[in-house]
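Now for the letters of each chain:
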Amino acid sequence: MRPSRSKLGLIRLTVVLLLISAVALVCFVKGFVAAEPAGRIIRTALYPLQRAFAVAYEGIAARVQLIRDYERILAENELLRQQVQEMRLLLVKYDEVAAENERLRALHDYSEQISYETIAARVIARDPHGWRDHIVIDKGTANGIAKNDAVLGSHGLIGRVVSASLNSSVVMLISDPQSSLSGRVQDSRSLVVVEGTDRTDGLIRFDCLESGDKVQVGDLVITSGLGGVFPPGLPIGEVYSVEKDFYGIADTGLITPASNLLSIESVLVIIGAGV
Amino acid sequence: MRRASIGTAVITFLWAWLTVSVETSIVFRFPQPASSVNPLLVATLSSALFVAPEYGVGFAFICGLMSDIALGNAVGLRSIPLVLCAAVVGMAQDKLSREHPVTWMLLGVMGSLLHDLVYFSILGLVGYLPLLYDQLIKTAAVSALANGILSFVCLLPAYLWWRTRTRSFPDRLD
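Residues numbered from 1 in each chain as written. Chains lettered and ligands numbered in written order. Predicted model: local features only at pLDDT ≥ 70, side-chain atom pairs only at ≥ 80, totals over all residues.

As a further point, take the sheet that holds strand β7 (residues 191–195) of chain A. Residue and element names in this part refer to chain A. With antiparallel pairing, six strands are arranged side by side around a closed barrel as β6-β7-β8-β11-β10-β9. Averaged over neighbouring strand pairs, the angle between their axes works out to 40 degrees when direction is ignored. With three bridges connecting them, strand β9 (residues 220–223) and strand β10 (residues 235–244) associate as antiparallel partners. Bridging across to β10, L220 finds its partner in E238. (Pairing = 2+ DSSP bridges. Helix = DSSP H or I, 4+ residues; strand = E, 2+ residues; numbered from the N terminus. Axes fitted to C-alpha atoms, helices over the stretch in contact; angles between N-to-C directions.)

Turning next to helix α3 (residues 53–71) of chain B. All names here are of chain B. With 19 residues, α3 should reach 27 Å at 1.5 Å per residue; the first-to-last C-alpha distance of 27 Å fits that figure. In terms of burial, α3 is largely enclosed, as 18 of its 19 residues are buried. One or two positions beyond α3, positive phi appears at G72, with a value near 70 degrees. (Expected span 1.5 Å × (residues − 1). Buried ≥ 20, exposed ≤ 12 C-beta atoms within 10 Å, placed from the backbone.)

Taken together, the contact pairs 30 residues of chain B with 27 residues of chain A. Residues that form the side of chain B that touches chain A fall into these classes: 20 nonpolar, seven polar and three charged. (Contact = placed C-beta atoms within 7 Å. Nonpolar A, V, L, I, M, F, W, Y, C, P; charged D, E, K, R; others polar.)

Turning our attention to the packing of helix α2 (residues 39–50) of chain B against helix α4 (residues 79–92) of chain B. Residue and element names in this part refer to chain B. Relative orientation of the contacting elements α2 and α4 amounts to 30 degrees, with a least axis distance of 9 Å. Relative to α4, the element α2 lies roughly parallel. Crossing of α2 over α4 shows right-handed handedness. Two secondary-structure elements touch here, α2 through L40, L41, T44, L45, A48 and L49 and α4 through L82, C85, A86, V89 and G90. (Parallel < 35°, antiparallel > 145°, perpendicular 65-115°, else oblique. Left-handed = near helix turned anticlockwise from the far one by under 90°.)

Residue and element names in this part refer to chain A. Although it is not a glycine, N148 adopts a positive phi angle of roughly 75 degrees. Relative to the elements of secondary structure, N148 occurs in the loop between β2 (134–137) and β3 (150–152). We classify N148 as partly exposed; it has 16 C-beta atoms within 10 Å.

Glancing now at the sheet that holds strand β12 (residues 266–270) of chain A. Residue and element names in this part refer to chain A. Spatial ordering of the closed barrel is given by β1-β2-β5-β4-β3-β12, a layout of six strands whose pairing is antiparallel. Sheet twist, expressed as the mean angle between neighbouring strand axes with direction ignored, is 45 degrees. Where β3 lies against strand β4 (residues 157–164), three bridges are found, and the strand directions are antiparallel. Bridge pairing links A150 to R160 in β4.

All names here are of chain A. Burial analysis of β4 places six of its eight residues in the buried class, the great majority of the element. From the end of β3 to the start of β4, which pair antiparallel, there are four residues. As judged from the five bridges shared by β4 and strand β5 (residues 169–173), these two strands associate in the antiparallel manner. Directly across from S163, in β5, lies its bridge partner V170. The hairpin turn running from β4 into β5, its antiparallel successor, is four residues long.

Quick look at the nonpolar core now. Membership of the largest hydrophobic core comes to 45 residues, with the highest contact counts inside it found for V57(B), A60(B), C63(B), M66(B), L82(B), V83(B) and A86(B). Counting only elements with at least two residues in this core, the list comes to α1 (2–29) and α2 (36–113) of chain A together with α1 (2–25), α2, α3, α4 and α5 (101–126) of chain B. Here the element with the most residues in this core is α3(B); it accounts for 11 residues. Excluding residues within four positions of it along the chain, M66(B) makes contact with I42(A), A16(B) and V20(B). If you look at the next biggest cluster of nonpolar residues, it comprises 37 residues, including I135(A), I158(A), L268(A) and V269(A). (Core = buried A, V, L, I, M, F, W, Y, C linked by C-beta atoms within 7 Å.)

Given below as structure tokens:
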């Protein structure tokens, strides 16, 4: 008895609910029922859970996607790292080329300003211990370079050729303690002797050959041409400091070389002006 | 008795609320074929099989109604197939040994098929599915089969969980 009663109740319940649903469906199809108020209430009730589920799902989905993408991201990351490394190397090369271009352009401009025949050369060697003494350039007698040819940087005199071989030459810089040349203060026309020093700050010294206040700080010192080695009128540097000599008669002091002697990479050699 | 009925009704509403929320907010985000999972159907089958047939029918009606109204569908679109499914599964389970997993699996798949066929028929009836009759049947059959298999997969953990808790089915809730 009990199972049949239970089944009867189930059938009765099912029929009632199906009838309600069917009536609602027919009414909807006929456009009769507007379930909007009930919809608003149910949607409002569902909103918190729907939002919570949506947020949770999106969070989980994002993490799952991240895990899925992990291998791809790793590979991509490795590739990008390689590309960044290559780009860095390219950038360094580019900077080098740009800097060299700048130096050569300055040398070219300077060579057009002077009226001597010049040849451009690259510094290929330098004594790392005697930093300001000698440099080796990649041009030699095969290019017309001879001993005592004047060597210029991009802004002025830097030294002279002391030894020339077939394809390279040794240049003694004006900062070398052995270097000595005749100069002239451009404004006062006073003669000075410019000598190298063993200072580490790149400055060279001068001794004025005339008595009195002939030299001012900031004066430009140029080659005089009297020594017979360097042509006249080549910039040597600016007077950095002035003081009186041991006897208090003549000016003496320090000069900042026109070209930075510590970082020379390209030079101009004046051909045929040496003795 | 009355207090127990009220409690059952409240719990049924809460379960329906939870199930409809899951279906409307999550399932559509699943990739295929996981998006074919029908939580309302799975919950209805579970309640009809593991709680009581009457409870399953009531739960199906509330779930279907809530889903239809919340989504602005034709009222009855979901509740009719769910109620039918719960009733048929509830009645059929007396004929078979409920303790046997194969029985349970058979009922689940059968319920899914029935639900989907009725559902697609109603869709065609109200004009939501502009397909020819043979296309409708084909679509319904394919979808029903897929949903039946997915329902089985989804119901398996529920069944296993139930097996660990009790060795026998309750006749009714109260």
